[in-house]
2 protein chains.
Amino acid sequence: MTPPLPAKRPLTTVDIAIFSIRDGRLCVLLVKRPSGKDEPYPGRWALPGGFVDLENDKSLEDCAVRKLREKTGVASPYLEQLGSWGDAKRDPRGWSATHVYLALIAGPEVKPEAGGNAPEADWFPVADSGVAGRLAFDHKDLLAAALARIRAKVEYTSLPVHLVDEPFTLTELQRAYEIVMGRPVNKAAFRKRILDAGIVESTGEFRGGQARPAELFRHARAAERLAYFPRTFSPRP
Amino acid sequence: MTPPLPAKRPLTTVDIAIFSIRDGRLCVLLVKRPSGKDEPYPGRWALPGGFVDLENDKSLEDCAVRKLREKTGVASPYLEQLGSWGDAKRDPRGWSATHVYLALIAGPEVKPEAGGNAPEADWFPVADSGVAGRLAFDHKDLLAAALARIRAKVEYTSLPVHLVDEPFTLTELQRAYEIVMGRPVNKAAFRKRILDAGIVESTGEFRGGQARPAELFRHARAAERLAYFPRTFSPRP
DNA sequence: GCACAATAGTCGTACAGTACGACTAATAGC
DNA sequence: GCTATTAGTCGTACTGTACGACTATTGTGC
């Protein structure tokens, strides 16, 4: 009695919500759906992604890294899994399940288009509800979940470190936090918290402007990729 | 130019890490793999789960709820998605992806076996590294991730509320927190934090023992299914 | 050189939240 | 009553942060 493997299997995709700061605003990378016949949601904006390639993708994360490199050229971003969405109706072509990843990248050197002449990919401010509300598939939900994750984690982790280019000044890092949070934070409180948490380390260098030069920092090598700020319920030392 | 849908698709499953408190210990529900020919990991313990049924499961979460009801009889547990794991090698039968859910249930009335005479399912203390280290597939990793999620969230959410039967006393709830955290917490601090957070509400009833009766509480109807304790970076009111 | 603008970085205080042990409160059993 | 037992509170110390005001260091214009 050999148990049969299911003949019908879900269409399986990986989608990525890639965030970066452009012109002082938190932006997400969107790509335009192809307009071919039988293509769902032709011409609509969507999160970059696509079918898992069982021949070439060793794992879901491999697949996400590959797609991210194809779209942005970035090889080593901050990447974490957001979750998975799967049901019978989210794709008109059939029962489909997508594995969604969240990526943060820094720097303006990212190419937003893959090759064609027409712009196929572009950055959109996350506050642009006009575009976000008309995304293909259920990508509006995926994007909302990704934003919620970022906005929750900015409160108690070092996540925005991955949105600024190294080396960075503490003021630049503070600006990244403020952009994600959508409100200003106090300078002294911010600096103490960041430095006490040990998530950045000084390079010893300084960057001068038209005023007092600022000390340059990088992500602490010793720290985890994501550092957490102190939690409660901790016993007294 | 109609784009072809991928002919090869991953084996797609849903697995659930179901936790409950038994005899004062945090336990996870495991099931025994069938011993048929060509069955992977025959006779080994594994997280309950199985293939997504495209005909009957409307969504991944539906699938998780169904499997959980089959195993435990519980219809309305606390259920959240943990993540997904997928690669070419985790299942010897082929490229497979599993969507993992985390469930918390309360009460001892849960039937740990589905029907047969041999015990097919049982509760295991999560501290039992002997069993956890020999689970089928990559379920050791999934279980570790589920435990990490629970142990992180216990610090700043009302999650253990779903591990105690309603109505409960604050002492019982505190015990659930302590079991998950693995260490005692101060009574006065615990009560103030829980009550200020508004995650429980009094029933007005009391339960007497051989000592002073304790006030009975339930999960606050107004509160979210999961309440969060105060975070930092909050501006002064 | 010197005032001045501009940005970096620090100081001191107030306050929220909590960790902690010791206290009071209410019940059952004797 | 007295005692054991568990429920619940009080007061204090302490940690971490929010906040505005302060000092520090540079470039620029005169």
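How each quantity is defined
Residues numbered from 1 in each chain as written. Chains lettered and ligands numbered in written order. Predicted model: local features only at pLDDT ≥ 70, side-chain atom pairs only at ≥ 80, totals over all residues. Heavy atoms only, no water. Helix = DSSP H or I, 4+ residues; strand = E, 2+ residues; numbered from the N terminus. Contact = heavy atoms within 4.5 Å. Polar contact = N/O pair within 3.5 Å; in protein donor to acceptor, adjacent residues only side chain to side chain. Buried < 20%, exposed > 50% of the residue type's maximum accessible area, 1.4 Å probe, protein only. pLDDT = per-residue confidence, 0-100. Least-squares fit on C-alpha atoms with pLDDT ≥ 70 in both. Salt bridge = Lys/Arg side-chain N within 4 Å of Asp/Glu carboxyl O. Pairing = 2+ DSSP bridges. Axes fitted to C-alpha atoms, helices over the stretch in contact; angles between N-to-C directions. Parallel < 35°, antiparallel > 145°, perpendicular 65-115°, else oblique. Nonpolar A, V, L, I, M, F, W, Y, C, P; charged D, E, K, R; others polar.

1. Description of the environment of B:Asp91
All names here are of chain B.
Next, step 1: In this fold, aspartate 91 is placed in the loop between β5 (78-87) and β6 (96-104).
Next, step 2: Considering only alpha carbons, one finds aspartate 91 and serine 234, 143 residues apart in sequence, at a separation of 46 Å.
Next, step 3: The contact partners of aspartate 91, leaving out residues within four places of it in the chain, are Pro40, Ser96 and Phe137.
Next, step 4: Among the polar contacts listed, one links the side chain of aspartate 91 to the backbone nitrogen of arginine 93, at a separation of 2.8 Å.

2. Observations concerning the side chain of B:Ser20
All names here are of chain B.
Next, step 1: The residue serine 20 is located in strand β1 (residues 11-22) in this model.
Next, step 2: Looking at serine 20, the relative accessible area reads 0%, which means it is buried.
Next, step 3: Within the structure, serine 20 has its side chain in polar contact with the side chain of arginine 22 (distance 2.8 Å).
Next, step 4: Ignoring any residue separated from it by four or fewer positions in sequence, one finds serine 20 in contact with Arg25, Leu26, Cys27, Ile105, Ala106, Gly107, Trp123 and Leu163.

3. With respect to the confidence of the model for chain A
Residues and elements named next belong to chain A.
Next, step 1: When pLDDT is averaged along chain A, the result is 90, and 89% of the positions lie at 70 or above.
Next, step 2: Taking the mean pLDDT of every element in chain A, the minimum, 88, falls on helix α2 (residues 129-132) and the maximum, 98, on strand β6 (residues 96-104).
Next, step 3: On the interface metric, ipTM, the complex scores 0.91, and its pTM is 0.92.

4. Section: the relation of the copies chain A and chain B
Next, step 1: Superposing chain A onto chain B takes a rotation of 180° combined with a translation of 0.0 Å along the rotation axis, leaving an RMSD of 0.0 Å. As the rotation angle and translation indicate, the two copies are arranged about a two-fold axis. Relative to the rotation axis, the C-alpha of A:Gly83 is the closest in chain A, positioned 2.5 Å from it.
Next, step 2: In this assembly, 100% of the residues forming the interface of chain A have copies in chain B that are likewise at the interface, indicating an isologous arrangement.

5. As for the pattern of salt bridges
Residue and element names in this part refer to chain A.
Next, step 1: Applying the stated criterion across every chain yields a total of 26 salt bridges over all chains.
Next, step 2: Put simply, glutamate 39 and arginine 33 hold a salt bridge, and the shortest N to O gap is 3.1 Å.
Next, step 3: Owing to a relative accessible area of 15%, glutamate 39 belongs among the buried residues under this scheme.
Next, step 4: Of the charged contacts in the structure, one is a salt bridge between glutamate 70 and arginine 66, with a shortest N-O distance of 3.1 Å. Within this pair, glutamate 70 and its partner arginine 66 are both found in helix α1 (residues 60-72), separated by four residues, close to a single helical turn.
Next, step 5: Shared partners join several salt bridges into a network, and the residues in it are Asp57, Arg66 and Glu70.

6. Brief notes about the sheet that holds strand β10 (residues 214-219) of chain B
Residue and element names in this part refer to chain B.
Next, step 1: Ordered by their spatial adjacency, three strands build an open sheet running β8-β10-β9, and the pairing between neighbours is antiparallel. The open sheet has two free edges, formed respectively by β8 (168-169) and β9 (200-207), since each of these has just one partner strand.
Next, step 2: Note: β8 against β10, two bridges, orientation antiparallel. Residue pairing across strands places phenylalanine 168 opposite phenylalanine 217, the latter belonging to β10.

7. Considerations on the packing of helix α4 (residues 170-181) of chain B against helix α5 (residues 187-197) of chain B
Residues and elements named next belong to chain B.
Next, step 1: Interhelical geometry of α4 versus α5 gives an angle of 100° and a closest axis separation of 11 Å. Taken together, α4 and α5 sit at an angle that is classed as roughly perpendicular. Together, Leu170, Thr171, Leu173, Gln174 and Tyr177 of α4 and Lys187, Phe190, Arg191, Ile194 and Leu195 of α5 make up the contact between the two elements.
Next, step 2: For the contact of α4 with α5, a count of residues per class yields six nonpolar, two polar and two charged.

8. Concerning the sheet that holds strand β9 (residues 200-207) of chain A
Next, step 1: One open sheet accounts for three strands, arranged β8-β10-β9 (chain A); its pairing is antiparallel. Because the sheet does not close on itself, it has two edges, and the strands there are β8 (168-169) and β9 of chain A.

9. Remarks on the interface of chain A and chain B
Next, step 1: Taken residue by residue, the interface counts 47 residues in chain A and 47 residues in chain B.
Next, step 2: There are two salt bridges connecting chain A and chain B.
Next, step 3: A salt bridge links B:Glu55 to A:Lys8; the nearest nitrogen and oxygen atoms lie 3.3 Å apart.
Next, step 4: Counting the contacts that link chain A with chain B gives 13 residue pairs in polar contact (both at pLDDT 80 or more).
Next, step 5: Put simply, the parts of the chain that give the side of chain A that touches chain B at least two residues each are β1 (11-22), β5 (78-87), β6, α4 (170-181) and α5 (187-197) of chain A.
Next, step 6: The element contributing the most residues to the side of chain A that touches chain B is β5(A), with six residues.
Next, step 7: Of the residues in the side of chain A that touches chain B, the class split is 23 nonpolar, 10 polar and 14 charged.

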